[in-house]
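Residue-level listing of the chains:
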Amino acid sequence: MSTVDLVMTIAHTLFASLWTGSILFFVGAVLPAAATGAVSIDMMSLVTNRLVWLTRISAIVFVATGGHLAGTAYTAGSLFGTPRGQLVVAMLVLWFVLTGLIEVSVKRFDRLAEREGIGSAVNGTRGLFVAAAAVAVLLLVDAGLLTANVV
Ligand code: HEM
């Protein structure tokens, strides 16, 4: 493996764990804490702002590193015509869906929190955030199947 491929792979997996881990921690720990009223609006605003920025920076990293890995290891034929290539395409689609879910959920959360308070914001976005967590798990399963070389 060349040095460039190595750097790309490390950056890709680093951001993969940082991003999906942050989403799962947010949905599993921060949102339930906010639902109890234990977290202030200012603190939640700081956390959701960080989550959105991590999502945007990760998007740049995933497109650059994932694009490089796909471009060097696959052709259009093997990307769509082999099970391993299809796992990579699924990864791309899931990333796109998860990015959209985070952007929409956080926007709605901030709007509701400002107008109606934290409790209402949590209730109004819980479904979206749980969907985001489910997609994050699917991404990790997809990556696990690639790492385990099952196909
Ligand atoms: C633009 C979006 C993405 C593209 C184009 C992409 C593409 C790729 C490609 C081409 C590989 C190498 C596959 C192989 O070894 O044959 C890969 C590996 C990997 N991707 Fe992604 N990816 C994207 C987003 C993500 C996201 C959001 C995650 C979060 C979980 C992720 C996690 C991983 C992991 C952990 C590996 C290493 C798998 C291994 O050990 O081979 N990727 N990705």
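Okay, so let's go over this structure. Note that the structure is predicted; figures quoted are calculated from it, not measured. (Residues numbered from 1 in each chain as written. Predicted model: local features only at pLDDT ≥ 70, side-chain atom pairs only at ≥ 80, totals over all residues.)

### Here's the deal with the overall build of the protein chain
A count of helices and strands for the protein chain gives 5 helices and 0 strands. Listing the helices and strands of the protein chain from first to last along the sequence gives α-α-α-α-α. Projected onto the principal axes, the alpha-carbon positions of the protein chain cover approximately 50 × 25 × 20 Å. A fraction of 78% describes how many contacts in the protein chain between residues 6 or more apart in sequence connect residues 24 or more apart. (Helix = DSSP H or I, 4+ residues; strand = E, 2+ residues; numbered from the N terminus. Contact = placed C-beta atoms within 7 Å.)

### Points about the site of the ligand
Every one of the 21 residues lining the ligand counts as a neighbour, but Ala 16, Gly 66, Leu 69, Ala 143 and Thr 147 are closest to it. Where the shell around the ligand is concerned, the elements lending two or more residues are α1 (3-35), α2 (41-73), α4 (83-116) and α5 (118-147). (Near = placed C-beta within 6 Å.)

### Some remarks on the environment of Val 30
Mapped onto the fold, Val 30 is located in helix α1. Sequence-distant contacts of Val 30, that is, excluding residues within four places in its chain, are made with Phe 25 and Val 47.

### Considering unusual backbone geometry
Of note in this structure, Asn 149 is not a glycine but carries a positive phi near 55°. Relative to the helices and strands, Asn 149 is located in the segment after α5. Residue Asn 149 is classed as exposed on the basis of its 7 C-beta neighbours within 10 Å. (Buried ≥ 20, exposed ≤ 12 C-beta atoms within 10 Å, placed from the backbone.)

### Examining the nonpolar core
Among the nonpolar cores identified, the biggest contains 28 residues, and Ile 23, Val 27, Leu 98, Ile 102, Ala 132 and Ala 136 are the most heavily contacted of them. Sorting the residues of this core by element identifies α1, α2, α4 and α5 as the ones contributing at least two each. Discounting residues that sit within four places of it in the chain, Val 27 has contacts with Phe 129, Val 130, Ala 132 and Ala 133. (Core = buried A, V, L, I, M, F, W, Y, C linked by C-beta atoms within 7 Å.)

### Some thoughts on α1
In a regular helix each residue adds 1.5 Å, so 33 residues correspond to 48 Å; α1 covers 46 Å between its end C-alpha atoms and thus fits that length. At Phe 26, α1 shows its maximal bend, which comes to roughly 40°. Every buried residue belonging to α1 is among Met 8, Ala 16, Trp 19, Thr 20, Ile 23, Phe 26, Val 27, Leu 31 and Ala 34, and all of these are buried. For α1, the secondary structure elements touched by its buried residues are α2, α4 and α5. Looking at the residues trailing α1, positive phi occurs at Gly 37, about 90°. (Expected span 1.5 Å × (residues − 1). Bend = angle between axes of the 7 residues up to and from the residue.)

### So, α2
Compared with the 48 Å implied by 1.5 Å per residue over 33 residues, the 46 Å span of α2 between its first and last C-alpha is a close match. Those residues of α2 not exposed but buried are Met 44, Thr 48, Leu 51, Thr 55, Ser 58, Phe 62 and Thr 65. Of the surrounding elements, those touching the buried residues of α2 are α1, α4 and α5.

### Examining the packing of α4 against α5
It is at 9 Å that the axes of α4 and α5 come closest, and there the two elements cross at 165°. As summarised for this structure, α4 and α5 are arranged roughly antiparallel, according to the angle between their axes. In this structure, α4 meets α5 at a crossing whose hand is left-handed. (Axes fitted to C-alpha atoms, helices over the stretch in contact; angles between N-to-C directions. Parallel < 35°, antiparallel > 145°, perpendicular 65-115°, else oblique. Left-handed = near helix turned anticlockwise from the far one by under 90°.)

### Comments concerning the environment of Leu 54
You can see Leu 54 is positioned in helix α2. On the neighbour-count criterion, Leu 54 (17 C-beta atoms within 10 Å) is partly exposed. Separated by 53 residues in the primary sequence, Leu 54 and Lys 107 place their C-alpha atoms 15 Å from one another. The contact partners of Leu 54, leaving out residues within four places of it in the chain, are Trp 19 and Ser 22.

Any functional reading would require information beyond the geometric quantities listed.
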